[in-house]
Every structure is written in C-alpha cells, then in structure tokens.
Amino acid sequence: MNSKRLDYLLNCYLDGELSPDEKHELQNILLSDPEARRQFWRDAQLHSSLRLLGEQELGEREARKWHKYPETYKIVRIRRKVWIGVAASAAAAVLVVFLGILLTRPLDASTALQQVIDATSQADDRTYTVSVLKGDPVRPISGGRALTLEGAVIYLRGKDHYVVVQNLTDGERQRVTGFDGELSWSFIGNGAVNVSDDPRRFRSNLPGSHHDFAFTNLHDELDRLGEGYDVQLRDAEDSVLRRLSASKKSRNVRGPRDVEIWFDPNSGTILKLELYGLPQARGGPRAIRLSLTDQLDLGADFFSHAAHHEDGREIRTNLSK
C-alpha cells in the first residue's frame, strides 16, 4: 500500500472531492487491505468529530449574541442550534452508513472475485467440512476399498498447503492426504506413507479433482473462474455475507458447471463454497458443499505428514526428478 497515495485519496473523499476513477481506486484499496480500512475508519471518525465540534462552537458564538434579541427570536435561535446538532449527527450517521456500504459491497463481480482470490493467499489456517448435496458420496479406490466424501475435512493454509482427511467405508480407516509446500504425501490407516515432490500426485480422489477444482490451491482454481465463467455478484440470504455465482461459458472449459461462493466482504474469506455439475465417469457426487468450521492456528508442522502418524512409519519416496 502506498501510504501517501492512500492519504491523498482519504482526504479527497472526506472533502467530497474524489473523482469517479479515484473512488474506484480507493474502494479497491479498502477491499484488499485491512490496514487501509482501519486508517479509513480512524480518519472518518476524526473528521466527523471535528465537524460536529466546529458546528457546536458556531452555535455557542451565536448564543452569546442572544441577549440583543427578543424572546421570540431566541426561541428560533435555540431551535436552529438544536437543528445544527441534529444535522451534524445525521451527517456522521450518513458517513458511517456510506462506509459500511463501501466496505461490504464490492463494486462489481470481478472486484469481489479478486478480493476472494487474494484472501486465499493469506497465511491464516482455515478448516472446511465437506457435505454431499447430490449424487453418491462413495468413490471406489484400489484394492476393493472405497472412500466417502461425506464428512471429509479439508485444512488449508495460504495458497497451497492442505491436508484432507476422508473416511473409508469400512468404518475403521481414514485416508489422509496433504502438501506441506514442498512434498505431497498420502497414507491409508496404518499403511506406508507415500511421498512425492509433485504437488498433484495424490489429488485424484479429492473432491472436484477431475475438473481441476480440488480445493488444494484455491488461489489458482478461483483465478480461472474469471476467464472461463460468467461471474455475478449477488446478495446472500444472510445480509452480512456476499455471494458470487459462476457458470461455465462453454463445455470446453474445465471445471464444475456452476460454482457458488459465500464470503465475508470485509476479509474475503470463503465461508461456504458449492460445486455443481461434477463429472460422473467414475461415480461419486454431482454436487458438494464446503463449509468453514474453524480458523484456529493449526501449528507450524501440521501440514507435514509426520504430524499425522506415529514415529517409525514406513516412508515410500517417489520423486519426479
């Protein structure tokens, strides 16, 4: 953030002198930068307080002249003083309302989508739970085993760190898959840990993976929506949230047929994400939902395979080089 440029835009806004292009620039800065938003609120509140103080002082100067006038004129002046205070308070309220609109309603769908994309690159940890909305939650894997997507848990950090925990249908084992920024890895139950330097090596059984939308790198996956999808910004049922709806422009575009994203307009964090029209060549669900369940820090080593199994486990390394 260019602090001098932000100061200039804020001062112009508070003085009512922003051009349409500058307003658009300021809105984009506020949508993408939490520190800029905090400065905006501080400056706006100070501006409102100073304006109110100035109008009150004006009223007091006028009050010192009252002894010159008849009582009927004093009543008029008293009413005017009260009106000045009310007007100043109303102006402050309008300012707060406008700021609320500015910070919670992105200008357009592309701006909102970029805000969401930028938020996925942040280092904070997010935990999502998978629900199957349509189709079969069970997907067969090798060895006569099968995975269920219902209730799977996805842990994300920053742009590409992930851990996915899925239950096997035998009710006793889990498949745990992850990427720690350098190595991808996977294991089932008490079996050996398979490790690779290919980030995509163990993604084949993750939700949405056949359409390159497996939630393991939401930054890049969402970035493609701006190219191959028609994206619209809509009101959510919850007035606090915003919703993006994306539909494929053509069948030649890889990805789900439709994507629905509910997000926090202040932070850009995705709270709920739904995919419709998933591939059916190998069975599995036609539509799934990811719901944010936690944002607690998972710890420095959580995304390494060693954090998810006991010491002494057999490690099988499969490097691509």
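How each quantity is defined
- Residues numbered from 1 in each chain as written.
- Predicted model: local features only at pLDDT ≥ 70, side-chain atom pairs only at ≥ 80, totals over all residues.
- Heavy atoms only, no water.
- Helix = DSSP H or I, 4+ residues; strand = E, 2+ residues; numbered from the N terminus.
- Buried < 20%, exposed > 50% of the residue type's maximum accessible area, 1.4 Å probe, protein only.
- Contact = heavy atoms within 4.5 Å.
- Expected span 1.5 Å × (residues − 1).
- Phe/Tyr/Trp six-rings, centres within 6.5 Å; stacked < 30°, edge-to-face > 60°.
- Lys NZ or Arg CZ within 6 Å of the ring centre and 35° of its normal.
- Lys, Arg positive; Asp, Glu negative; His and termini not counted.
- Salt bridge = Lys/Arg side-chain N within 4 Å of Asp/Glu carboxyl O.
- Polar contact = N/O pair within 3.5 Å; in protein donor to acceptor, adjacent residues only side chain to side chain.
- Core = buried A, V, L, I, M, F, W, Y, C linked by side-chain atoms within 4.5 Å.
- pLDDT = per-residue confidence, 0-100.

Trainee: Quick rundown of the overall build of the protein? Include the residues and the values.
Mentor: Counting its secondary structure elements, the protein contains seven helices and 13 strands. Of all 321 residues assigned to the protein, the portion counted as buried reaches 42%. Long-range contacts, defined as pairs at least 24 residues apart, comprise 53% of the intrachain contacts of the protein with a sequence gap of at least 6.

Trainee: Please give an account of helix 5 (residues 109–120) that cites residues and values.
Mentor: Taking 1.5 Å per residue, twelve residues should reach 16 Å; helix 5 reaches 17 Å between its end C-alpha atoms and fits that length. Of all twelve residues making up helix 5, nine are buried, and the element is well covered by its neighbours. Taken together, the buried positions of helix 5 are occupied by A109, T111, A112, L113, Q115, V116, I117, A119 and T120.

Trainee: So what's going on with the packing of aromatic side chains? Residues and values would help.
Mentor: A complete count under the given rule lists three aromatic pairs for this structure. Measuring from centroid to centroid gives 6.1 Å for W185 and F187, while their planes differ by 15°, and the two rings are stacked. Here F187 falls in the buried class, since its relative accessible area comes to 4%. Where F302 meets F303, the ring centres are 5.2 Å apart and the plane angle is 80°; that geometry is what we call edge-to-face. Three or more aromatic residues joined by ring pairs form one cluster here, namely Y155, F302 and F303. Over the aromatic face of W262 sits the side chain of K272, whose NZ or CZ is 4.1 Å from the ring centroid. Of note, R313 hangs over the ring of F187, and the distance from its end group to the ring centre comes to 5.1 Å.

Trainee: Please give an account of the side chain of R175 that cites residues and values.
Mentor: If you trace the backbone, R175 turns up in strand 5 (residues 174–179). The buried charged residue R175 lacks any salt bridge partner; its closest oppositely charged side chain belongs to D198, at an N-O distance of 12 Å. Within the structure, the side chain of R175 is placed 3.0 Å from the side chain of T177, a separation counted as a polar contact.

Trainee: Could you give me a rundown of the pattern of salt bridges, with the residues and numbers involved?
Mentor: Any two side chains of opposite charge can pair, on the condition that their charged atoms come close. Counted by the stated rule, this structure contains eleven salt bridges. One salt bridge connects E314 with R316, and the closest N-O pair in it is separated by 3.2 Å. For E314, a relative accessible area of 46% corresponds to the partly exposed category. Judged by its relative accessible area of 45%, R316 is partly exposed.

Trainee: Describe the environment of Y13, naming the residues involved and giving the relevant values.
Mentor: Assignment of secondary structure puts Y13 in helix 1 (residues 3–14). Distance from Y13 to A44, taken between C-alpha atoms, is 9.4 Å for residues 31 residues apart in sequence.

Trainee: Residues and numbers for helix 1, please.
Mentor: Counted at 1.5 Å a residue, the expected span for helix 1 with its twelve residues is 16 Å, and the 16 Å between its end C-alpha atoms agrees. For helix 1, the complete set of buried residues consists of L6, L9, L10, C12, Y13 and L14. At the C-terminal side of helix 1, G16 shows a positive phi close to 70°.

Trainee: Run through the nonpolar core, naming residues and quoting values.
Mentor: Side chains that are nonpolar tend, in soluble globular proteins, to be buried together. Ranked by internal contacts, the top residues of the largest apolar core, which has 31 residues, are L222, L225, L244, V259, I261, I270 and L273. For this core, the element with the highest residue contribution is helix 5, accounting for five residues. For V259, the residues in contact, after removing those within four places along its chain, are L225, Y229, L244, S245, A246, L273, E274 and L275.

Trainee: With reference to specific residues and values, describe the environment of T293.
Mentor: Looking at where T293 falls in the secondary structure, it is placed in strand 12 (residues 285–294). Measuring from C-alpha to C-alpha, the distance between T293 and L271 comes to 8.3 Å, with 22 residues separating the pair along the chain. Ignoring sequence-local partners within four residues, the contact set of T293 consists of T127, Y128 and T129.

Trainee: Requested: an account of the confidence of the model for the protein, with residues and values cited.
Mentor: A low pLDDT means the predicted coordinates there should not be read in detail. Mean pLDDT over the protein: 79, with 75% of residues reaching 70 or higher. Below a pLDDT of 50 lies the segment residues 71–88, which in the model reaches eleven contacts outside its immediate sequence neighbourhood of four places, other chains included. Segment residues 90–95 is flagged for pLDDT under 50; beyond a separation of four residues in sequence, or across chains, it makes five contacts in the model.

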